[in-house]
Amino acid sequence: RPRVLSGIQPTADSFHLGNYLGAVRQYVALQETHEAFYFIADLHALTVTPKPEELRRRTRVAAAQLFAAGLDPERSAVFAQSHVREHSELAWILICQTGMGEAGRMTQFKDKSARYGESAASVGLFTYPILQAADILIYQADQVPVGVDQKQHLELSRDLAQRFNNRYGQTFKVPNPYILKEVEKIGDLQDPTAKMSKSSSSPQGIIDVLEEPGALRKKIMRAVTDTGSEVVADEENKPGVTNLLRIHSALSGVPIPELEARFAGQGYGAFKKEVAEAVTETFAPIRERTEKLLADEAELDRLLAAGADRARRVARQTMARVRDRIGLLHGG
Ligand code: AQP
């Protein structure tokens, strides 16, 4: 079976609708057809220096949400990135294969460092995409489900795999991004041309998976729509309505043209009410299951440990090969 790998950061108290539609839902679908590895990117989360207690809590909340959303521990290895030490080891080796200019072209670093202030951004934030390349390449992943914001980082992973293979002989599979066009970038509810984002959306612009249904409905009813009253998809002139149509369609499975026909002449209010229903119906059971899973931390930790055991077996094989290829002596 082909391999799928992806990671998600524990940098908030909940995943948001963009994470869910752009990534997590694909994780769940792909475990049916692929050998699946999914990790909570706790090492990546260190780039924003979280409080230790907060990081611990958020890592468990992230794991619980992944299982609650449908990841099956029998089919998918779900683990904490830091539990498989080989990620960090390979990251250093790949850092030494990456040009400064190449790393400096990453737009996410440019955006985030501009937001934090150049001197406040850590070196870790700069090397983040190289750790990400290590995460992917160490599992010899075929497919990497992500939102479109990760496309450039995936390109870097591919470049690094090819460069290493050319320099040292065939070692890594060259991974492919798995990006679903319809949900590749879910927009901020208040600023629909920008992506919904943990770090840059306002509270009114972002919907959390674990959000109270009442608050969630309010946010959708207050989402920015556009001039006119027709419910039609038009990226250019109606980005707000188009974003909501995409969300509805992704959750209900009803194609956008059918939604346009259904809401013809009804105005935005009736449409938004249905979007809110579709979101609450999807998130309510996830929220309930997440709470249950969080009630038994020992069991959750046990599931993560089992996932890490499975992941480690693969990561160790790749690392043994890498060490050999690059000229590091075999140690103990
Ligand atoms: N708005 C989005 N639409 C579609 N996909 C999205 N993803 C994130 N936002 C959207 C995808 O979710 C996965 C996990 O993301 P992450 O935890 O690695 O963090 P991120 O990409 O950094 O998520 P955020 O919320 O956008 O955080 P900030 O703004 O802090 O960077 C990834 O596959 C991502 O593509």
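For clarity, every value in this text was computed on a predicted model and none was experimentally measured.

Quick notes on the pattern of salt bridges
- Counting across every chain of the model gives 21 salt bridges.
- A salt bridge links Asp-301 to Arg-60, with the shortest nitrogen-to-oxygen separation between them at 2.9 Å. In this pair, Asp-301 sits in helix H13 (residues 297-326) while Arg-60 sits in helix H3 (residues 52-69), placing the two residues 241 residues apart along the sequence.
- With a closest N to O distance of 2.6 Å, Asp-149 and Lys-195 form a salt bridge. Of the two residues, Asp-149 sits in the loop between strand S4 (143-145) and helix H8 (151-168) while Lys-195 sits in the loop between strand S5 (176-178) and helix H9 (213-221), which places them 46 residues apart along the sequence.
- When its relative accessible area of 32% is taken as the criterion, Lys-195 is described as partly exposed.

What about the side chain of Gln-9?
- Considering the arrangement of structural elements, one finds Gln-9 in the loop between strand S1 (3-8) and helix H1 (17-30).
- Only 2.9 Å separates the side chain of Gln-9 from the side chain of Tyr-128, close enough to count as a polar contact.
- With near-sequence residues (within four places) excluded, Gln-9 lies in contact with Phe-15, Ala-41, His-44, Ala-45, Tyr-128 and Lys-198.

Some points on H3
- The terminal C-alpha atoms of H3, which comprises 18 residues, lie 26 Å apart, in line with the 26 Å expected from a rise of 1.5 Å per residue.
- Taken together, the buried positions of H3 are Leu-55, Arg-58, Thr-59, Val-61, Ala-62, Ala-63, Ala-64, Gln-65, Leu-66, Phe-67, Ala-68 and Ala-69.
- Count one or two residues on from H3 and you reach Gly-70, which has phi positive near 130°.

Observations regarding the UniProt feature "binding site: L-tryptophan" (unreviewed entry) in the chain
- Residues annotated in UniProt with the feature "binding site: L-tryptophan" (unreviewed entry) correspond here to Asp-135.
- Looking at where Asp-135 falls in the secondary structure, it is placed in helix H7 (residues 123-137).
- On the accessibility criterion, Asp-135 (1% relative accessible area) is buried.
- Beyond its immediate sequence surroundings of up to four residues, Asp-135 is in contact with Leu-5, Phe-39, His-44, Gln-81 and His-87.

Quick notes on empty space enclosed by the protein
- In the structure shown here, the tally under the stated rule is three cavities of 30 Å³ or more.
- Its volume calculated, the largest cavity comes out at about 50 Å³.
- What lines the largest cavity is Met-106, Gln-108, Phe-109, Lys-112, Leu-125, Tyr-128, Pro-129 and His-153.
- In terms of residue class, the lining of the largest cavity is built from five nonpolar, two polar and one charged.
- Every residue lining the second largest cavity is listed: Phe-15, Tyr-20, Val-24, Gln-65, Ala-69, Val-209 and Ile-286.
- For the lining of the second largest cavity, the secondary structure elements donating two or more residues are H1 and H3.
- For the lining of the second largest cavity, a count of residues per class yields six nonpolar, one polar and no charged.

Focus on the site of the ligand
- In the vicinity of the ligand there are 21 residues, among which His-16, Asp-149, Lys-195, Ser-197 and Ser-199 approach most closely.
- At a separation of 3.1 Å, an oxygen atom of the ligand approaches a polar side-chain atom of Asn-19.
- In this structure, an oxygen atom belonging to the ligand sits 2.7 Å away from a side-chain N or O atom of Lys-112.
- When the ligand is considered free in solution it has 630 Å² of accessible area, and contact with the protein chains removes 96% of it.
- Residue contributions to the shell around the ligand peak at four residues, all from H1.
- Within the shell around the ligand, the residues separate by chemical class into six nonpolar, nine polar and six charged.

Details of the packing of H1 against helix H10 (residues 239-252)
- Packing of H1 against H10 brings their axes to within 12 Å, and their N-to-C directions diverge by 45°. Here H10 runs oblique to H1, going by the angle between their axes. The two elements H1 and H10 meet at a crossing, and its hand is left-handed. Where H1 abuts H10, its residues Leu-17, Tyr-20, Leu-21 and Arg-25 lie against Ile-247, Ala-250 and Leu-251.
- Of the residues contributing to the contact of H1 with H10, the split by class is six nonpolar, no polar and one charged.

Some remarks on the nonpolar core
- Counting residues in each nonpolar core, the largest one holds 54 residues, and the members touching the most others are Tyr-20, Leu-21, Leu-66, Ile-247, Val-279 and Phe-283.
- Counting only elements with at least two residues in this core, the list comes to S1, H1, strand S2 (35-40), H3, H9, H10, helix H12 (267-294) and H13.
- Not counting residues within four places of it along the chain, the set of residues in contact with Phe-283 comprises Leu-17, Tyr-20, Ile-207, Asp-208, Val-209 and Leu-216.

A few points about the packing of helix H4 (residues 86-95) against H13
- One can describe the packing of H4 onto H13 by two numbers: an axis separation of 10 Å at closest approach and a directional angle of 30°. Here H4 is positioned roughly parallel relative to H13, judged by the angle of their axes. The two elements H4 and H13 meet at a crossing, and its hand is left-handed. Counting all contacts with H4, which are made through Glu-86, Glu-89, Leu-90 and Ile-93, the residues of H13 involved are Arg-312, Ala-315, Arg-316, Met-319, Val-322, Arg-323 and Ile-326.

Scoring rules and cut-offs
Residues numbered from 1 in each chain as written. Predicted model: local features only at pLDDT ≥ 70, side-chain atom pairs only at ≥ 80, totals over all residues. Heavy atoms only, no water. Salt bridge = Lys/Arg side-chain N within 4 Å of Asp/Glu carboxyl O. Helix = DSSP H or I, 4+ residues; strand = E, 2+ residues; numbered from the N terminus. Buried < 20%, exposed > 50% of the residue type's maximum accessible area, 1.4 Å probe, protein only. Polar contact = N/O pair within 3.5 Å; in protein donor to acceptor, adjacent residues only side chain to side chain. Contact = heavy atoms within 4.5 Å. Expected span 1.5 Å × (residues − 1). UniProt positions renumbered as here; feature names shortened; annotations may be inferred. 1 Å grid on protein atoms, 1.4 Å probe; cavity = no way out; pocket = protein on both sides within 12 Å on 5 of 7 lines; lining within 4 Å. Points joined across faces, edges and corners; volume = space filled by probe spheres on them. Nonpolar A, V, L, I, M, F, W, Y, C, P; charged D, E, K, R; others polar. Near = heavy atom within 4 Å. Areas by Shrake-Rupley, 256 points an atom, 1.4 Å probe, with all protein chains shown as cover. Axes fitted to C-alpha atoms, helices over the stretch in contact; angles between N-to-C directions. Parallel < 35°, antiparallel > 145°, perpendicular 65-115°, else oblique. Left-handed = near helix turned anticlockwise from the far one by under 90°. Core = buried A, V, L, I, M, F, W, Y, C linked by side-chain atoms within 4.5 Å.

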